[in-house]
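Geometric and topological summary
Now for the letters of each chain:
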Amino acid sequence: MPTEPQTYDAIILGAGAAGLMCAAIAGQRGKRVLLIDHAPEPGRKIVISGGGRCNFTNLHTAPDRYLSENPHFARSALSRYTAQDFLELVERHGIAWHEKTLGQLFCDGSAKQIVAMLLDECDRGGVTLRCDTGVHSVEHADGQYAVTFSEGRAKAAALVIATGGPSIPKMGATGYAYDLARQFGLKVVQPRPALVPLKLPAQEALFRELSGVSTSVVAKCGKAAFAEAALFTHRGLSGPAILQVSSYWRHGEQVEIDFVPDRSGGWLRQAKRDRPRGSLRRVLEEALPARLAEALAQRIGTSGELGAQTDKALAAAEAQLSAWPFAPDGSEGYAKAEVTAGGIDTRGLSSKTMEATKMPGLYVIGEAVDVTGWLGGYNFQWAWASGVAAAQAL
């Protein structure tokens, strides 16, 4: 005879950042929690993040640093569980950390310390963790969610979807959250790779030959602009500035790069007066890596001495260097994307509790939701904050 399903207060699917946080807080509130993940161990994306040191939050977290079809949705959860709150948890566990740049906080040691901390918190809450466990079906009847998995069946009045998005499939990431959402009547905003390198078409081969060259720029796409490093790759463009604008970029749009953000208007014309015998390439080498300076000068086509150029030609060169247009023909896709933009539509969720408005007891947190942060710890902070919001409502 089939065994009776085990009963819990909440079943959380996905033992990543959001799922672990939600489980820990709910467990410590006295809830009986079952946390299930198909991976062999919890927190796999945490372990590889930040070069293995986990950029676990950002001191400058604010709602305007997140993309969503409802830009105000993240405000409630982020205001109630802040970067400082998570930092206090990190310090309570004796984890040494440092601020790198732009408010980004990293472990001094290993990202595994963050996973160990979250598992300790889950232990304190008596959470039942089942890894390497595939979910076969999820059903809802009589106010209970029934989950059939490889080890049996469990039921609970609350189900939390924390299975993330399809970015980094080699880590086992899938779009399972979207399937579940649709099963229960929630809509999904078209997912797409975000924080991802961009590919350039064949006619930009000159720039692909610069593979490995990096420089500080301002990268722009639409109204979004980021002052960080850009890196040329054998396929196109990468580096923090490009990853940032990639979240805003759509097929058919241009990305503009200001290669000389520290130069004020008229700087080339001033260089002509100061050094009329100099060349554009030599002047550019003072601001940029030599290989890049040569490639840009070649593209601009202003050859010969600066003194021989008209002010009009130099003004045009300045304008091109400060808004150099690129037309990417794609991105590196989910395989290289750090996160997924889009996801489960926030219009079907409560911003305070993360609960589905028309499906009592169903919660969605973390990357599965249509909330995507900037590069630099913002997505982890959303995972912590949304996980806490749901946990406090369970």
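Below you will find a few notes about this structure.

Rules behind the numbers
- Residues numbered from 1 in each chain as written.
- Predicted model: local features only at pLDDT ≥ 70, side-chain atom pairs only at ≥ 80, totals over all residues.
- Heavy atoms only, no water.
- Helix = DSSP H or I, 4+ residues; strand = E, 2+ residues; numbered from the N terminus.
- Buried < 20%, exposed > 50% of the residue type's maximum accessible area, 1.4 Å probe, protein only.
- Contact = heavy atoms within 4.5 Å.
- Areas by Shrake-Rupley, 256 points an atom, 1.4 Å probe, with all protein chains shown as cover.
- Lys, Arg positive; Asp, Glu negative; His and termini not counted.
- Charge placed at Lys NZ, Arg CZ, Asp CG, Glu CD.
- Pairing = 2+ DSSP bridges.
- Axes fitted to C-alpha atoms, helices over the stretch in contact; angles between N-to-C directions.
- Phe/Tyr/Trp six-rings, centres within 6.5 Å; stacked < 30°, edge-to-face > 60°.
- Salt bridge = Lys/Arg side-chain N within 4 Å of Asp/Glu carboxyl O.
- Polar contact = N/O pair within 3.5 Å; in protein donor to acceptor, adjacent residues only side chain to side chain.
- Parallel < 35°, antiparallel > 145°, perpendicular 65-115°, else oblique.
- Nonpolar A, V, L, I, M, F, W, Y, C, P; charged D, E, K, R; others polar.

This paragraph deals with the overall build of the protein chain. For the protein chain, the count of helices and strands is 13 helices and 21 strands. The buried share of the protein chain, taken over its 394 residues, is 54%. Long-range contacts, defined here as pairs at least 24 residues apart, represent 72% of the contacts in the protein chain between residues at least 6 apart. Working note: accessible area of the protein chain is about 17,000 Å², and carbon and sulfur atoms make up 49% of it. Across the protein chain, the mean location of the 41 positive side-chain charges is 3 Å away from that of the 40 negative side-chain charges.

Residues Gln104 and Phe106 line one face of strand β6 (residues 104-107) and the alternating positions Leu105 and Cys107 line the opposite face, and both faces are buried. In this structure, strand β3 (residues 55-58) lies alongside β6, joined through 3 bridges in antiparallel fashion. Paired with Asn55 across the strands is Phe106, a residue of β6. Relative to β6, strand β5 (residues 97-99) runs antiparallel, the two sharing 3 bridges. From the neighbouring strand, Trp97 faces β6, where its bridge partner is Cys107. A loop of 4 residues connects β5 with β6, the two strands running antiparallel in sequence, and Leu102 in this loop sits at a positive phi of about 55 degrees.

Spatial ordering of the open sheet is given by β17-β16-β13-β14-β15-β12-β18, a layout of 7 strands whose pairing is antiparallel. Edge strands, defined here as strands with exactly one partner in the open sheet, are β17 (324-326) and β18 (330-331). The pairing of strand β16 (residues 255-258) with β17 spans 3 bridges and is antiparallel. Bridge pairing in β17 places Ile257 opposite Trp324. Packing of helix α12 (residues 311-322) onto the sheet brings it into contact with β13 (214-221), β16 and β17, and relative to β16 it is tilted by some 115 degrees.

What follows concerns the packing of aromatic side chains. By convention here, two paired aromatic rings are described through the distance between centres and the angle between planes. Inspection of the entire model under this criterion finds 15 aromatic pairs. Ring geometry for Phe73 against Trp382: centres 6.3 Å apart, planes inclined by 65 degrees, an arrangement best described as edge-to-face. Taken as a pair, Phe73 in the loop between β4 (66-67) and α3 (75-80) and Trp382 in helix α13 (residues 378-393) lie far apart in primary sequence, 309 residues in all. Exposure class is identical for Phe73 and Trp382. Each is buried. When the centroid spacing of 5.5 Å and the interplanar angle of 10 degrees are considered together, the rings of Phe380 and Trp384 count as stacked. In this pair, Phe380 and Trp384 both sit in helix α13, 4 residues apart, roughly one turn of the helix. The buried category is assigned to Trp384, whose relative accessible area is 0%.

Turning our eyes to something else, we now look at the sheet that holds β5. An order of β3-β6-β5 is seen for the 3 strands of this open sheet, with the pairing classed as antiparallel. Two strands bound the open sheet, and with one partner strand each, they are β3 and β5. Going across the sheet, the axis of each strand differs from the next one's by a mean of 25 degrees, ignoring polarity.

Here the focus is the pattern of salt bridges. A side chain with one charge can pair with a side chain of the opposite charge if their charged atoms come near. According to the stated counting rule, one finds 17 salt bridges in the structure shown. The closest approach of N and O atoms between Arg44 and Glu41, which form a salt bridge, is 2.8 Å. Ionic pairing is found between Arg269 and Glu318, a salt bridge with its closest N-O pair at 2.9 Å. Taken together, the residues span a long stretch of sequence, with Arg269 in helix α9 (residues 267-274) and Glu318 in helix α12 at a distance of 49 residues. The network of salt bridges with common partners includes Glu69, Asp345 and Arg347.

Along the chain, the position of Ser167 falls in the loop between β10 (152-161) and α6 (176-183). Here the side chain of Ser167 touches Glu367 through a polar contact of 2.9 Å, side chain to side chain. Here Ser167 is in contact with Lys45, Ala173, Tyr334, Ala337, Glu338, Val339, Thr340 and Glu367, once residues within four sequence places are set aside.

Before going further, it helps to spend a moment on the packing of helix α4 (residues 83-92) against helix α5 (residues 112-124). Relative orientation of the contacting elements α4 and α5 amounts to 90 degrees, with a least axis distance of 10 Å. For the element pair α4 / α5, the angle class is roughly perpendicular. Each of Phe86, Leu89 and Val90 in α4 lies in contact with α5, whose residues at this interface are Ile114, Met117 and Glu121. Here the contact of α4 with α5 is built from residues that sort into 5 nonpolar, no polar and 1 charged.

With that out of the way, let us pick up helix α11 (residues 290-300). One turn of the α-helix equals 3.6 residues, which is why residues spaced by three or four share an orientation. For α11, the complete set of buried residues consists of Leu292, Ala293, Ala295, Leu296, Ala297 and Ile300. The secondary structure elements touched by the buried residues of α11 are α7 (205-208), β13, β14 (224-232), α10 (280-285), α12 and β17. Backbone geometry just after α11 places Gly301 at a positive phi near 80 degrees.

Okay, the environment of Val147 next. Tracing the sequence through the fold places Val147 in strand β9 (residues 144-149). By relative accessible area, Val147 is classed as buried at 0%. Separated by 134 residues in the primary sequence, Val147 and Leu13 have C-alpha atoms spaced 9.6 Å apart. Filtering out sequence-adjacent residues up to four positions away, Val147 remains in contact with Ile11, Leu13, Ile36, Val135, Ser137, Val138, Gly152, Arg153, Ala154 and Leu159.

On their own, these measurements won't tell you what the molecule is for.
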